[in-house]
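Here are the chains, one letter per residue:
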Amino acid sequence: MLKIFRYLKDNIISVILIILLLVVQANCDLTIPGYTSNIINVGVQQGGISETNPKVIRESKLNEILLFVDQDTKEEILANYNLVTEKSSQYDYDILDEEPVYVIKDENKLNSDLEKAILIDFMLTSDEEEAKNIQNEIKKDMPLEMQDAAIIDVIAFLPIEQLEEMRANINEQFSSMPDSIISQSAVSAIKLEYIEVGLDTDSIQTNYIIITGLKMLGLSLLSVTATILTVLLGARVGSGLSKRVRKKEFTKVLNFGTAEYKQFGISSLITRSTNDIQQVQMMIIMTLRLFIYAPIIAFGAVRKVFATAPSMTYIIWLGIIVVLVVIFTLFALTMPKFKKVQKLIDKLNQVTREIITGIPVIRAFSNQKYEEERFSNANINLKKTNLFVNRVMNLMMPLMMLIMNGICILIIWQGAHAIDNGLLQVGDMLAFIQYAMQIIMSFLMISMFSIMLPRANVSANRIMEILETDESIKDPEKPKEFGRRIKGLVEFKNVSFRYPDSDEDVITDVTFTAKPGTTTAFIGSTGSGKSTLINLIPRLYDVTNGEILVDGINVKDVLQKDLHDKIGYVPQKGVLFSGTIESNIKYSDESMSDEKMIEAARIAQAEEFILSKKEGYKSPISQGGTNVSGGQKQRLSIARAIAKNPEIYIFDDSFSALDFKTDFELRKALYNYAKDSTIFIVAQRINTILKADQIVVLDEGKVVGIGTHQELLKNCSVYKEIAESQLSKEELENA
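Residues numbered from 1 in each chain as written. Predicted model: local features only at pLDDT ≥ 70, side-chain atom pairs only at ≥ 80, totals over all residues. Heavy atoms only, no water.

## Some details on the overall build of the chain
(1) Moving on: When helices and strands are counted, the chain shows 29 helices and 15 strands.
(2) Moving on: Seen along its three principal axes, the alpha-carbon backbone of the chain occupies a region of about 155 × 55 × 50 Å.
(3) Moving on: Counting only residues that meet the buried cut, the chain has 47% of its 735 residues in that class.
(4) Moving on: Looking at the chain alone, contacts between residues at least 24 apart form 76% of all its contacts between residues at least 6 apart.
(5) Moving on: Accessible area of the chain: about 38,200 Å², with a carbon and sulfur share of 55%.
(6) Moving on: Considering the chain, the positive charge centre built from 78 side chains and the negative charge centre built from 92 side chains are found 16 Å apart. (Helix = DSSP H or I, 4+ residues; strand = E, 2+ residues; numbered from the N terminus. Buried < 20%, exposed > 50% of the residue type's maximum accessible area, 1.4 Å probe, protein only. Contact = heavy atoms within 4.5 Å. Areas by Shrake-Rupley, 256 points an atom, 1.4 Å probe, with all protein chains shown as cover. Lys, Arg positive; Asp, Glu negative; His and termini not counted. Charge placed at Lys NZ, Arg CZ, Asp CG, Glu CD.)

In structure tokens:
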């Protein structure tokens, strides 16, 4: 799989942008729960007041509060406040008509001792029930004559030693109290002070909630924008990689020799160029979208969890362990099946291709039932494997939801106790739940990636198997060029050939020369090596021993393109491409003149049936040429080769579907037109090769005779047997 990633180098800028956008999205998603917590904790519970040191406070109230701090702290606090004695445009407080106020200078310069002092003062002066109870408990220990006085007034007249002793006792009591509880209680006192000063606390609360909500909305929009851009860029990167790999694979396949086609199989090559690349494309998109995002969000959420409620982090670790157990279990169940799926797809494609291609034969033998069962078996095997994988994968979401809901219940149960004990706030618990869900969801994303990875990895390996396969037919590093003096001379010198997976030669020590302006024919029994022999000329295979020379140069020493430019090849099975008759004949040169095309069709005896069609040369040809007959397909294939006007013609049993008259007329026209070219003909019918300049007779891959028709009748028993089996004595004599 990692080898595929090297094809991302053309999209490196997009990949970097995606990573940056994912970081932005993750930061937004991690920040939003904090704002949710603030709305509940500050906006609702604290009335929108977040500061623990008051922005403005009455002089008398601050003097009361400062009784509970030492002299150094008192000076530090007063240094951060300005005393305001009268109204102005900047300080328009109604209370200034009655007494001065202190206004804070730097809101970010907070003093924790001031928070505690505010809380103490609140408990000793407030009319709230809880504060009254505390005050009554304190008065019990006071002399009777002092019980009617305000406690704060009594404390104000205490000697310095007693006052310091009281501060020490209070600090000792506060040491066990959580800072969050101190801050929240101090904020309640500050809210009451703001009311006394004349501030609109309802407006403060509303503004805080609206501003925080707008921040959340802005972060959400930024997150959505980042998500959309990530999806768009990820899709472009994935499709771009898919395009490059598919192009590279297709180019590689075009350069394959026949041995590689047999090694992989046509159906497998198609699957590897389509389904496998699609699997890799999906994996790349998943990697860029989820696999990078999940660790970022998980790491960030874990940090937030530790900052929010460290005492409950064990719940997160418990959830992660359970999730990992589920993931690895599902992974172990599906991994072997994913490897099997691609092979079953290959098998289904192969069976489908064979059946569709062989429909006429299947019908002729009334064998539809058997083929239906064969297709059904391949289809059912694929269905069963896919069903198993999908069922296992479908278990993942319910299991994950069960785990997430269980974690939520555990967090609420633990959090409720913490809230009751004053160790946690409601908003913090809700934020903790959101962070926990983000962590679990990140592991769910990774699990989805992990489930898809085996199949994509199999597909990637299959693709790389194609890309890393060395072609058996290669161009030379220092190619030679054909000269202009000789054109079309072909020489076989002690040529032998065996298939890559074979132990025996199928062609053995063949030597002959075919000169320009001559026709060389090959004949022999089925399996004697005729087609294999002529396929060595255009290097569909490479010789095992010996050499083949074209114009005096070994075919291995020139570029395949230069070699193929010299050859007009008509295969044993006529091949037509979807398009029109014109596009098929002009296949070698789209800019070919119509006159040349028409001449090629006339020589190939195809003009008559072409003109009989309503659209003539513009008549459509369906895929594989299924809308024309076998004879018409052969003639169009021959016309395509003739239109190329090559120096060497190779006809691999290309006249077999023609009637005798058409065969005779075609060869007569061809010999007149290509009188300066070298012609090779593989034939089963003696009539086709009677006029050949030389006939090569093959038997089990060996040359058993070379000569003209009359010469071979006299000195080659194999040829004589073939001739006598096809022609009468009179026909042989007349020939």
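## With respect to the sheet that holds strand 1 (residues 56-58)
(1) Moving on: Strand order in the open sheet formed by 3 strands is 1-3-2, with antiparallel pairing between adjacent strands. The strands lining the two open edges of the sheet, one partner per strand, are strand 1 and strand 2 (81-84). Neighbouring strand axes in the sheet, compared pairwise and without regard to direction, differ in orientation by 25° on average.
(2) Moving on: In this structure, strand 1 lies alongside strand 3 (residues 101-104), joined through 3 bridges in antiparallel fashion. Note that in strand 3 the partner of R58 across the bridge is V101. (Pairing = 2+ DSSP bridges. Axes fitted to C-alpha atoms, helices over the stretch in contact; angles between N-to-C directions.)

## Structural notes on the nonpolar core
(1) Moving on: One finds L241, M400, I407 and I411 to be the most contacted residues of the largest nonpolar core, which totals 64 residues.
(2) Moving on: Those elements giving two or more residues to this core turn out to be helix 2 (12-45), helix 10 (201-254), helix 13 (275-291), helix 14 (293-308), helix 15 (313-357), helix 17 (368-420) and helix 18 (426-467).
(3) Moving on: If one sorts the elements of this core by residue count, helix 18 sits on top with 19 residues.
(4) Moving on: Beyond its immediate chain neighbours, meaning those up to four positions away, I407 contacts I315, G319, A436, M437 and I440.
(5) Moving on: In this structure, I610, A643, I681 and A692 belong to the second largest nonpolar core, which totals 48 residues. (Core = buried A, V, L, I, M, F, W, Y, C linked by side-chain atoms within 4.5 Å.)

## A few points about the sheet that holds strand 13 (residues 678-682)
(1) Moving on: Spatially, 6 strands are ordered 9-12-13-6-14-15 in an open sheet, and the strand pairing comes out mixed. A strand with exactly one partner marks an edge of an open sheet, and here the two such strands are strand 9 (567-570) and strand 15 (702-707). Put simply, the sheet's adjacent strands are angled 15° from each other on average, direction ignored.
(2) Moving on: Bridge count for strand 14 (residues 694-699) against strand 15 is 5 bridges, and the pairing is antiparallel. By the bridge assignment for strand 15, V697 is matched with G705.
(3) Moving on: Sheet contacts for helix 25 (residues 660-673): strand 6 (519-524), strand 12 (648-652) and strand 13; angle to strand 13, the most-contacted strand, approximately 155°.
(4) Moving on: With respect to the sheet, helix 28 (residues 717-726) is in contact with strand 6, strand 14 and strand 15, its orientation differing from that of strand 14 by roughly 100°.

## What about helix 22 (residues 594-603)?
Residue pairs spaced three or four apart in an α-helix point in one direction, given the helix's 3.6 residues per turn.
(1) Moving on: By the burial criterion, the buried members of helix 22 are M597, A600, A601 and I603. Seen end-on, helix 22 carries its buried residues on one side only, within an arc spanning 165°.
(2) Moving on: Buried-residue contacts for helix 22 involve helix 21 (581-585), helix 23 (607-611), helix 24 (630-643) and helix 25.
(3) Moving on: Directly beyond the C-terminal end of helix 22, a positive phi value near 60° is found at Q605. (Arc of directions from axis to C-beta.)

## Digging into unusual backbone geometry
(1) Moving on: Although it is not a glycine, N494 sits at a positive phi angle of roughly 50°.
(2) Moving on: Of the residues examined, N494 reaches a relative accessible area of 45% and is grouped as partly exposed.
(3) Moving on: Positive phi outside glycine occurs at R539, with the angle close to 65°.
(4) Moving on: Locating R539 in the fold gives a position in the loop between helix 19 (530-535) and strand 7 (545-550).

## Some details on the packing of aromatic side chains
(1) Moving on: Tallied over the entire structure, the rule returns 11 aromatic pairs.
(2) Moving on: Between Y81 and Y102 the ring centres are 6.5 Å apart and the planes differ by 90°, which places this aromatic pair in the edge-to-face class. With Y81 in strand 2 and Y102 in strand 3, this residue pair connects regions lying 21 residues apart in the sequence. Here Y81 matches Y102 in class, with each residue buried.
(3) Moving on: Plain terms: the ring middles of Y649 and F651 are 5.8 Å apart, the flat faces sit at 5° to each other, and that makes the pair stacked.
(4) Moving on: According to the relative accessible area criterion, Y649 is buried, its value standing at 0%.
(5) Moving on: For F651, a relative accessible area of 0% translates into the label buried.
(6) Moving on: Grouped by ring-pair contacts, the aromatic residues F492, F512, F522 and F680 constitute a single cluster.
(7) Moving on: Lying over the aromatic face of F482, K566 brings its terminal NZ or CZ to 4.7 Å of the ring centre.
(8) Moving on: One Lys or Arg, R685, reaches over the ring of F660 and ends 4.8 Å from the middle of that ring. (Phe/Tyr/Trp six-rings, centres within 6.5 Å; stacked < 30°, edge-to-face > 60°. Lys NZ or Arg CZ within 6 Å of the ring centre and 35° of its normal.)

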